[in-house]
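In case you want the letters, here they are:
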Amino acid sequence: MEKDVPRATHDLGGVSKFMCEPVDTEPHAFTDFDREVDAIRQLLGMKKIMSVDELRRGVESIPEADYHRLTYYQRWIRSITDTLLRKGVITEAELRAALEAG
Amino acid sequence: MSILETDGDRLLTALRGLLAAKGIATPQEIAERIRITEGGSPAQGARMVAKAWVDPAYRALMLSDGARAAEQLGIPMRGAPPLGVLEDTPELHNLVVCTLCSCYPRAVLGYPPFWFKSAAYRARAVRDPRGLLTEWGTVLPDHVKLRVVDSTADYRWMVLPLQPAGTEGWPEEKLAGIVREGDMIGVTFPAAG
Amino acid sequence: MMLRPGTRVHVKNDWPETRGPCHIRTPHYLRGETGTVLRHLGDFPNPEDLAFARPAPKLPLYHVRFDQPALWHEGRAGDEVVVEIYGSWLEAAL
C-alpha cells in the first residue's frame, strides 16, 4: 500500500500514479549535452568541489512539475548550478554575466 | 523567474566558461573525462559474466568481490563504488532498480539506459515487478522466486544471469557476445542466439 | 551495536521530509516496515550529512530483506525486496 505521509518527488518506489504507466524500453541516444554534464559532475567530485550526495540533494529540491518535465541531465545541470551558487564557487553576478555573454 | 530555471543548454554554456576561467574544469579535462567514461559499456560486464560461466574460481571471486573480479579483466574500478554481484539460480531471479535516483553499475555497464532512469521503471519495479518484466516480454515461471534489489546507497549491483541452454562448450568470447545490458540488470535473460 | 545476519529489524517510522530540507536514502515505502538483516555491507559516511557538505560520520550499512507482497498487499508469495539501509534507520525488532 502506498503510505499516506507526504512523499518527496524523487522517492518513486511503488507510487500509485505510475503503476499503469508503460516503460519506454527503446534505446535513447546519449547527447553531447548529456556527456558533458556527466563529465563536469565527475570532475567536480574528483576535485572535492561537490559530492554526488550534494548533486542528489539539488535534484531532489527541484519542484515536482519541473522534475518530471526536465530530462535527467537537465536536472543535473540545474542541481550543479544551484550547488555551485550555494557554496560560493560561482556568484550569481558571474553566472548572469556568463549567460548574457552566451 | 529564478536563474536556475534557465534553459539547460544555456546553463551548461555559462558554466563551461566559468569553470574553465576559474581553472576548475578545463575543456581538455572534460574531453578526457568523457573519453574515460565511454570506456564503460555493457561489453565489459558481459566479459565478466561469460568468464564466470566457464571458470568456477572466477565466479566465486565475482560473487565475493565484484570490483576485484572486474579489475582482473582490466576494467578500471579506481574511484568506483563497491560492486555487488547478484547470482541467479534456477530458483531465484534478481532484478535491480534504484527507486531514489538512478544508481547504476557504470564502471561495468556504462551509462544507465533511458528506461532505468524513468519514473515508471523506478515506481513499478518494487511493487509490480512481474508485470514490469512483461514490458520486455520476460515472463518469470511461477516456481522462480523474484528478488528485487533497490540500489539505495553505496553499492552498485549487477546480475550474474544463468547460462542459457544450448551454449555449453562455447568459448568465452562467443558467450560474452550473447549477454546484453538488460540481462545484467534482470529485465531480460540471455538466449543462445 | 552491530546487527547480525538474521536479525529482525524495524525501519524507523520517521518522515524527515515533512520537517524541512533533508536528503534521505531510506525509501518512503519502507518506513515503519519490518525486515531481516542479510549482511553488513561495510561502513560508509552518512549521506544525510554529505548532501549538505557537513562532516559525515561513518555508519554501518546493511542489506535488509523484506517480504515483497507484505509491503504492498499484492504480488506473488515468496518474492522479496532487498535494500541497502544505514544502521541509524534500523532498530532490532522484539
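Calculation rules
Residues numbered from 1 in each chain as written. Chains lettered and ligands numbered in written order. Predicted model: local features only at pLDDT ≥ 70, side-chain atom pairs only at ≥ 80, totals over all residues. Heavy atoms only, no water. Contact = heavy atoms within 4.5 Å. Buried area = accessible area lost by both parts, 1.4 Å probe. Salt bridge = Lys/Arg side-chain N within 4 Å of Asp/Glu carboxyl O. Polar contact = N/O pair within 3.5 Å; in protein donor to acceptor, adjacent residues only side chain to side chain. Nonpolar A, V, L, I, M, F, W, Y, C, P; charged D, E, K, R; others polar. Axes fitted to C-alpha atoms, helices over the stretch in contact; angles between N-to-C directions. Helix = DSSP H or I, 4+ residues; strand = E, 2+ residues; numbered from the N terminus. Parallel < 35°, antiparallel > 145°, perpendicular 65-115°, else oblique. Buried < 20%, exposed > 50% of the residue type's maximum accessible area, 1.4 Å probe, protein only. Pairing = 2+ DSSP bridges.

- An unreviewed UniProt entry lists chain C under the name Nitrile hydratase subunit beta, with Limobrevibacterium gyesilva as the source organism.

- If you look chain B up in an unreviewed UniProt entry, it shows as Nitrile hydratase subunit alpha from Limobrevibacterium gyesilva.

## As for the interface of chain A and chain C
- Residue-level contacts link 17 residues of chain A with 21 residues of chain C.
- With both sides pooled, the region where chain A packs onto chain C buries about 1600 Å², and carbon together with sulfur makes up 57% of that total.
- Taken together, chain A and chain C are joined by 2 salt bridges.
- Close ionic contact of glutamate 33 of chain C with lysine 3 of chain A constitutes a salt bridge, the shortest N to O distance being 2.6 Å.
- Seen at the junction of chain A and chain C, the total is 7 residue pairs in polar contact (both at pLDDT 80 or more).
- Its residues placed into classes, the side of chain A that touches chain C shows 4 nonpolar, 3 polar and 10 charged.

## Thoughts on the packing of helix α2 (residues 52-60) of chain A against helix α4 (residues 72-86) of chain A
All names here are of chain A.
- α4 packs onto α2 with a crossing angle of 110° between their chain directions and a minimal axis gap of 8 Å. It follows from the interaxial angle that α2 and α4 lie roughly perpendicular. Every residue of α4 that contacts α2 at Glu54, Leu55, Arg57, Gly58 and Val59 is listed here: Arg75, Trp76, Ser79, Ile80, Asp82, Thr83 and Arg86.
- In terms of residue class, the contact of α2 with α4 is built from 4 nonpolar, 3 polar and 5 charged.

## Regarding the environment of asparagine 94 of chain B
All names here are of chain B.
- With respect to the secondary-structure elements, asparagine 94 resides in strand β2 (residues 92-97).
- Exposure remark for asparagine 94: the relative accessible area of 1% places this residue in the buried category.
- A sequence separation of 66 residues divides asparagine 94 from leucine 160, and the C-alpha atoms of the two residues are 8.6 Å apart.
- The residues touching asparagine 94, leaving out its near neighbours within four places in the chain, are Leu86, Glu87, Asp88, Arg147, Val149, Val159, Ile185 and Gly186.
- A distance of 3.2 Å separates a polar side-chain atom of asparagine 94 from the backbone oxygen of glutamate 87.

## Structural notes on the environment of serine 88 of chain C
Residues and elements named next belong to chain C.
- Within the fold, serine 88 resides in the loop between β4 (80-86) and β5 (90-92).
- Separated by 15 residues in the primary sequence, serine 88 and histidine 73 place their C-alpha atoms 27 Å from one another.
- Aside from chain neighbours lying at most four places away, what touches serine 88 is Lys12 and Leu59.

## Regarding the interface of chain B and chain A
- Counting residues at the interface gives 50 residues for chain B and 53 residues for chain A.
- The junction of chain B with chain A conceals about 4700 Å² of combined surface from both sides, 67% of it contributed by carbon and sulfur atoms.
- Linking chain B to chain A there are 5 salt bridges.
- Our enumeration of links across chain B and chain A arrives at 19 residue pairs in polar contact (both at pLDDT 80 or more).
- At the level of secondary structure, the elements contributing two or more residues to the side of chain B that touches chain A comprise α1 (8-21), α2 (27-37), α7 (114-117) and α8 (119-124) of chain B.
- Considering only residue class, the side of chain B that touches chain A consists of 26 nonpolar, 8 polar and 16 charged.

## Side note on the sheet that holds β2 of chain B
- In spatial order, the strands read β2(B)-β3(B)-β4(C)-β3(C)-β2(C)-β1(C)-β5(C); together these 7 strands make up an open sheet with mixed pairing. Where the open sheet ends on each side, the last strands, each with one partner, are β2 of chain B together with β5 of chain C. Pairs of neighbouring strands in the sheet enclose a mean axial angle of 35°, with direction left out of account.
- In this structure, strand β2 (residues 34-45) of chain C lies alongside strand β3 (residues 58-67) of chain C, joined through 8 bridges in antiparallel fashion. What sits directly across from proline 45 of chain C, in β3 of chain C, is lysine 58 of chain C.

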